[in-house]
Amino acid sequence: MALQTSFLLASISIYKEGKSNVFLTETSFFGVTNSSHLKAEFKSSQISIKNFRKRELPIVTVKAQTATTTPAITQGAPDGKKTLRKGNVIITGASSGLGLATAKALADTGKWHIVMACRNFLKAERAAKSVGIDRENYTVMHLDLASFDSIRQFADTFQRSDRPLDALVCNAAVYLPTAKDPSYTAEGFELSVGTNHLGHFLLSRLLLDDLKKSDYPSKRLIIVGSITGNTNTLAGNVPPKANLGDLRGLAGGLNGLNSSPMIDGGEFDGAKAYKDSKVCNMLTMQEFHRRYHEETGITFASLYPGCIATTGLFREHIPLFRLLFPPFQKYITKGYVSEEESRKKARTVYWSWNKNSSSFENQLSKEASDPEKARKVCEVSEKLVGLA
Ligand code: LMG
Ligand code: NDP
Ligand code: PMR
């Protein structure tokens, strides 16, 4: 009798061995698979869920790492069958958009308990109810990624709950494209990079040991990246372009006082800060893989979900943009993924979130795959979050 095993983002790691840019077909995302699929192939680079047609990307094969996984705790069921315990996954920003869709999809498999890590407790509760997540399948825990205290408190509360941690999905983000002036986190870091990168960086580090301890067959840490941080794509070339420069602003603390609020030390630009933060997300996963994969068995990955042009992410954009962006993505770039579709597809076995094509790995831009920059970003970030 085959073991029914739930996988969260089975089969991807971001670690680069040689070149990236592999098409992934038939790769399980939040899929349910069985024991015959327990062998997972771990490949490199950022996973993209359909946005360009296949032929638009060069395809290079990478040497794939292969990891064979074994089932975790099994419990004797009454009829003698062994069943896998439920997996536990933390999803940040699960109160809307992709995070909520993912929470719903995983909960519906009956194989995951979702910890919805959200800054607005009531909104998260309402969101869970509105999409019909069963009460027993989720817990809302307060987490404000714009405050290190809150992050530490969250990690502490989670650890006290005695739940094993099998997967962490760093999904929350803010995007402030129209802001004229920077805003700041509780500790005084520019808000986009502070929340999207530094907040998740600290959270990931604090929870790394918990993931390491998990006996789940496939433990993973996933960050949601974005094509717009990849300057080797059309989308990544829409100004302002991501560029971390020599990290002088980051090293200076992004505080806008004695240092620039921007990573590269330049003038504040909200859209660029977001894209820079996504580059940091992608680099962090690569560096974490290099540092921790062997020791912990954790798979580190970043993914690009396609353009879900109607989520709350664009709430700060001008009304004209919000009006035109969805049809633009739908009919012109063909990169559009509806929220409903993202919800449905998050549960399916394949990565392809688009009717016409499978998922593929995106070639990361030079900057987003630069190991030296990845190391530096992590070293500086460690200092900023108080871990070094
Ligand atoms: C900047 O704004 C911000 O200033 C900056 O802070 C930051 O946020 C940055 O990267 C983010 O954006 C960019 C500004 C102009 O965008 C806006 O905010 C204005 C709204 C523009 C919306 C962009 C989508 C383009 C809409 C095209 C129309 C689609 C209609 C769909 C209908 C489908 C029918 C089948 O950003 C720009 O770069 C604007 C560029 C100017 C628009 C040029 C559009 C070229 C697209 C291709 C041609 C489309 C022609 C229409 C064809 C119709 C087919 C019949
Ligand atoms: P949404 O705005 O719908 O979701 C973002 C979530 O992050 C919200 O739940 C929001 O909480 C939460 N959040 C924001 N700030 C904080 C904070 N300080 N602490 C805790 N939670 C916070 O956007 P999407 O679903 O579109 O975005 C999800 C991810 O997908 C992001 O990482 C984004 O960069 C990425 N992405 C999205 C694309 C798209 O096309 N939509 C394309 C590429 C990447 P609240 O509900 O309280 O506001
Ligand atoms: Mg884009 C195939 C082309 C493509 C894709 C896949 C995206 C995705 N975009 C593409 C092209 C273009 N965009 C072109 C040609 C333009 C000029 C008209 C354009 C403009 C544009 C703007 C103004 N695009 C945007 C914006 C935003 O404000 C969004 C952004 O950059 O957020 C950081 C955005 C996006 N385009 C995308 C995707 C996925 C986004 C949202 C990115 C994200 O959430 O990370």
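Only a predicted model underlies this, so the values are computations on that prediction, with no experimental measurement involved. (Residues numbered from 1 in each chain as written. Chains lettered and ligands numbered in written order. Predicted model: local features only at pLDDT ≥ 70, side-chain atom pairs only at ≥ 80, totals over all residues. Heavy atoms only, no water.)

### Details of the site of ligand 3
Taken together, 20 residues lie near ligand 3, and Tyr-175, Ser-226, Tyr-274, Leu-313 and His-317 sit nearest. Tyr-175 places a polar side-chain atom, nitrogen or oxygen, 2.5 Å from an oxygen atom of ligand 3. His-317 is positioned such that a nitrogen or oxygen atom in its side chain is 3.1 Å from an oxygen atom of ligand 3. At five residues, helix H7 (residues 319–333) tops the list of elements feeding residues into the shell around ligand 3. (Near = heavy atom within 4 Å. Polar contact = N/O pair within 3.5 Å; in protein donor to acceptor, adjacent residues only side chain to side chain. Helix = DSSP H or I, 4+ residues; strand = E, 2+ residues; numbered from the N terminus.)

### A few points about a nonpolar patch on the surface
A cluster of nonpolar side chains, namely Ile-318, Leu-320, Leu-323 and Leu-324, defines an oily patch on the protein surface of about 400 Å² accessible area. Looking at the secondary structure, you find Leu-323 in helix H7. According to the relative accessible area criterion, Leu-323 is exposed, its value standing at 61%. (Patch = residues over 30% accessible without salt bridge, like charges linked within 9 Å, V, L, I, M, F, W, Y side chains within 5 Å. Areas by Shrake-Rupley, 256 points an atom, 1.4 Å probe, with all protein chains shown as cover. Salt bridge = Lys/Arg side-chain N within 4 Å of Asp/Glu carboxyl O. Buried < 20%, exposed > 50% of the residue type's maximum accessible area, 1.4 Å probe, protein only.)

### Some thoughts on the site of ligand 1
Taken together, 13 residues sit near ligand 1, with Pro-177, Pro-239, Ala-271, Lys-275 and His-317 positioned nearest. One nitrogen or oxygen atom from the main chain of Pro-239 is found 3.3 Å from an oxygen atom belonging to ligand 1. When ligand 1 is considered free in solution it has 1,100 Å² of accessible area, and contact with the protein chains removes 45% of it. Contributions of two or more residues to the shell around ligand 1 are made by helix H6 (270–296) and H7.

Everything listed here is a matter of coordinates, which is why it stays silent on function.
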